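# Observations on chain architecture
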Amino acid sequence: PEAPGLPLRQRLAVAGAVAAAAAAGWLYLRQQKERQRRSRRLRDLRALALGRGDFQLRDTAGAARSKADFLGRWVLLYFGFTHCPDVCPEELEKLGRAVELLERDAALPPLQPLFVTVDPERDDAAALARYLRDFHPRLVGLTGTPEQVRAAAAAFRVYVSAGPRDADGDYVVDHSVLTFLVDPDGLCRDCYGRSRTAEELARSVRAHMDAYEPLPP
Amino acid sequence: AAGMAAPTMEERKACWGARDEFWQCMDSHGDDAAKCEKLRRAFESRCPQQWVKHFDKRRDFLKYKKKLETEGYRPPEAAGKS
């Protein structure tokens, strides 16, 4: 006569199946939570609508560039100035390294590094070209009239404040230190401060690229 | 564009190096500026004046931050306030 209930092997099989189902359920819920967190952040960024306004600036070749010129591409954008003591070179190096890391993956869409000056009085096309030579080769620099630059910075809520001039007429410009990720539809998807490393930037940009769905027409 | 050109990469690195040497000297002499005069002069000659001011402020900030981390925050005593 058989012992009551299922034989051991079958009991183990059932226990295993239950455990697997529980694990799968837990993983699914965790994934859902992460998806919800991402979509909430995206909703917040969309509501903030950073950079939605257009900009009218000029690149180092003197050509006029507006927001439309960069649609269809991902953009990593940093606001700074060439007379910056330390922060801007560090952030631009970081930006360049992040772009390099992502360039290694041919499956990813192209990423355009972009620099906009917050010091248009000194940073003309020639000054920008000289400065940006030391950073990523595809880094595009934009400048313009003080009004145009002010409007571009305002569109991204970037704080800009030129300090007092010294006897030589030199000054530093206090400004928000942020790198913005803009998607192919021209919407800001994320922004990165000084504490993020190049590797973290690359990881985050990659995650945004993977999760990206073009806006419906 | 008015005034002098922005420092090049080489000039920046020379400035940062001079700054770091000066700061190392200050660290090892308990911020006794008299002991580090030569390095201070080198620092001032390698960096634009605006940058010297910026880095001086930065050093003060870093020291203050360190003080907060080690000693904790002590609100300034305000005479006559409850």
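Analysis parameters
Residues numbered from 1 in each chain as written. Chains lettered and ligands numbered in written order. Predicted model: local features only at pLDDT ≥ 70, side-chain atom pairs only at ≥ 80, totals over all residues. Heavy atoms only, no water. Helix = DSSP H or I, 4+ residues; strand = E, 2+ residues; numbered from the N terminus. Buried < 20%, exposed > 50% of the residue type's maximum accessible area, 1.4 Å probe, protein only. Areas by Shrake-Rupley, 256 points an atom, 1.4 Å probe, with all protein chains shown as cover. Disulfide = S-S within 2.5 Å.

Time to look at the overall build of chain B. The helix and strand tally for chain B stands at three helices and zero strands. Tracing chain B from N to C terminus, the helices and strands come up as α-α-α. Here chain B holds 82 residues, and 24% of them are scored as buried. Surface summary for chain B: the accessible area is close to 6,100 Å², and the carbon and sulfur share equals 52%.

As used here, a disulfide is simply a covalent bond connecting the sulfur atoms of two cysteines. Residue and element names in this part refer to chain B. Enumeration over the complete set of coordinates arrives at two disulfides over all chains. Two residues share a disulfide in this structure: C15 and C47, whose sulfurs sit 2.0 Å from each other. The sign of the 105° torsion about the S-S bond sets the C15-C47 disulfide as right-handed. Residue C15 is located in helix 1 (residues 9-28), and its partner C47 is located in the loop between helix 2 (37-46) and helix 3 (49-71); the two are separated by 32 residues in the primary sequence. The exposure class assigned to C15 is buried, which follows from its relative accessible area of 0%. Judged by relative accessible area, C47 falls into the buried class, the value being 6%. Put simply, C25 and C36 are joined by a disulfide, and their sulfur atoms are 2.0 Å apart. Classification of the bridge connecting C25 and C36 rests on its S-S torsion, roughly -90°, and on that basis the disulfide is left-handed. Remark: C36 occurs in the loop between helix 1 and helix 2 and C25 occurs in helix 1; sequence separation between them is eleven residues. Judged on exposure class, the residue C25 and its partner C36 are both buried. Ordering the disulfide-forming cysteines of chain B by sequence position, one finds them joined as 1-4, 2-3.

Geometric values such as these leave the question of function open.
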